[in-house]
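Per-entry structural report
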Amino acid sequence: MPILYKCNFDVSGFAYAAYGYSIGINNNQVPVSVDGIGDGSGLDIVTYNKILNLSKNLIRSNYVAISHFFPGNLNISQGALANIAVVACESNNIPTIWNDICSKFDAVIVPSYFCYSNFLDIGFPKERMSIVSHAVDLGLYKYRNCGNKDKYTFLYMNSWLYRKGWRELIECFVKTFRKNKDVRLLIKTIGPETYIRNCVNVAALNSGVEKREWPQIDIISAPMSGDSLPGFMSSADCFVSPHYGEGFGLNIANAMAIGLPCIVTGFGGNCDFCKADTCNLISHNGFQKSDKGMLEQIPSYEGTLWAKIDKDSLCQLLLKSPSYDYINKKERARKIVEKLSYNNIGKQFIDSICKMVPRITIDILKEAIPTEPERYSLGQTIKLVEL
C-alpha cells in the first residue's frame, strides 16, 4: 500500500518539510508517490531527482493520502483508506475553524509541541494527533567551519514577512553597532530588491541613528540553488531569527546542523530544540495581536497572538555575539539536530500513522507499489474550506 503525499513541492517552508517527510518515509521501505511537484527551481539537484522519481510511482486503489498544506487548503482524497493531515501553526490563539477542518481527517501530524498544544487548545483530540519533527538533510547540511574573514557577519535568512522579525532585527542592529565598521548584517530573502532596501531603510531610521552612522547591511534577494545554501550560510558568523512565532524553524535547525551559532526567539516550535544550552534566546515581552501589515500579508491571522520581541534582549545578544564563545552550545545543538535525519524522521512518521490509525499496519504500508503502467483513479479530491 503506497502513500500518496500531496503538497506544493516548491521552495516554501511547507515544501521543505514535505521533502524530508516523503523521502524519509520512502527510505524506510514504505513506497511513496508525490503529487504537486514543480520544476525544481531553487532545489538542490539530489532532492529534486529523488522527488521526481517519487512522482513517477504508481497509485492503486489501496493507499493512504497525506495532505500537507496550510489548514485552509487541506483536502480529502475519497479513494484513500485513510487521510492524514500534516499541519502547523506559528502563533497562539489559532482559528477554531482549523479544528473543524482537521476533524475531517483520520489523524493529524504536527511538527512541534508548540503546534500540538495550540491544536489541543482549540479542541482537537490528542489521541488523533502526533508530533513528528521536520527532518534535516544531513547529507547537504554537513557540519563545517563557519565564519567570515573580513567582518563579523550576522545572517538573516527567511521570508520577508513581518512576523519573521526583520523590522526589530534591523532597528536593533543599527542601534547596537552604530559607527561600527567591523560588523555587517547579511539579509537573504526573496523579493524585489528595491522594495526590500526601502523596508530596510525605514526600519533602520526607527533606530534613531543617522544614516551616515549605520553599520553595513547587505541584501541578497535573488533565488539561490539549494546546493549552494550550506556554503553560503557558513560564510556568516551567527544566524539570527527574531521571529514572532515558528511552527518548527527548519532554517534554524539547518544552521545548527552546519555549526552556525544561533540567536533566536525563545517562542514557537523551535523551542523543541532551541534551548539555553544550544543557542542564545531572545526574550519576548508578552504577546501582540497581528498588526495591520501582518493582516495584509495573511488575512486569516486575524485574532492570533504572537510574541512581542524584547528589543533590549535582542540588542544585548547582538552586542556580545562577536566575543561570545559558542563552542559548547554548537556541540549540543549538533547532537540534537543529528537525530533529525530523513531516516529517523521517516520512521517516526510511519510509526505515528500506525499508532493513530490502527487499521493501517506497518506490513500493509510496506506492500510494494505495482509495476503495471495503469494509474488507478484516486477518487474525488475534496477541498474542505477556503479561508
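Coordinates for the structure precede this section.
Attention in this report is confined to the structure presented alongside it. (Residues numbered from 1 in each chain as written. Predicted model: local features only at pLDDT ≥ 70, side-chain atom pairs only at ≥ 80, totals over all residues. Heavy atoms only, no water.)

1. Thoughts on helix α1 (residues 13-27)
The terminal C-alpha atoms of α1, which comprises 15 residues, lie 21 Å apart, in line with the 21 Å expected from a rise of 1.5 Å per residue. Buried residues of α1: A15, A17, A18, Y19, G20, Y21, S22, I23, G24 and I25, and no others. (Helix = DSSP H or I, 4+ residues; strand = E, 2+ residues; numbered from the N terminus. Expected span 1.5 Å × (residues − 1). Buried < 20%, exposed > 50% of the residue type's maximum accessible area, 1.4 Å probe, protein only.)

2. Describing the environment of R128
If you trace the backbone, R128 turns up in the loop between α4 (113-121) and β7 (129-131). On the basis of relative accessible area, R128 is assigned to the partly exposed category, the value being 23%. The spatial distance from the C-alpha of R128 to the C-alpha of A107 is 4.8 Å, given a sequence separation of 21 residues. Other than its neighbours up to four places away in sequence, R128 contacts C102, S103, F105, D106, A107, V108 and M356. (Contact = heavy atoms within 4.5 Å.)

3. Points about the sheet that holds strand β9 (residues 183-188)
Taken together, 6 strands build an open sheet; the order of strands is β10-β9-β8-β11-β12-β13 and the sheet is parallel. Of all strands in the sheet, those bounded by a partner on one side alone are β10 (216-220) and β13 (280-282). Sheet twist, expressed as the mean angle between neighbouring strand axes with direction ignored, is 25 degrees. Note that strand β8 (residues 152-157) and strand β11 (residues 238-241) share 2 bridges and pair parallel. In the sheet register, L155 faces β11, and the bridge partner there is F239. On the sheet, helix α6 (residues 193-205) packs against β9 and β10 and is oriented at approximately 155 degrees with respect to β10. (Pairing = 2+ DSSP bridges. Axes fitted to C-alpha atoms, helices over the stretch in contact; angles between N-to-C directions.)

4. Some remarks on the side chain of N92
Take N92: it is sitting in the loop between β5 (82-86) and α3 (97-102). Looking at N92, its side chain comes within polar contact range of the side chain of N118, at 3.2 Å. Residue contacts for N92: discarding those within four places in its chain leaves F114, N118, F267, F287, T304 and L305. (Polar contact = N/O pair within 3.5 Å; in protein donor to acceptor, adjacent residues only side chain to side chain.)

5. Topic: the pattern of salt bridges
All chains considered together, the criterion is met by 15 salt bridges. Measuring nitrogen to oxygen at the nearest pair gives 2.4 Å for the salt bridge that ties E90 to R163. Here E90 is found in the loop between β5 and α3, whereas its partner R163 is found in the loop between β8 and α5 (166-176), with 73 residues between them in sequence. Summarising the burial analysis for this pair, E90 and R163 share the class buried. Here the residues in one salt-bridge network are R178, K179, E210, R212 and E213, joined through shared partners. (Salt bridge = Lys/Arg side-chain N within 4 Å of Asp/Glu carboxyl O.)

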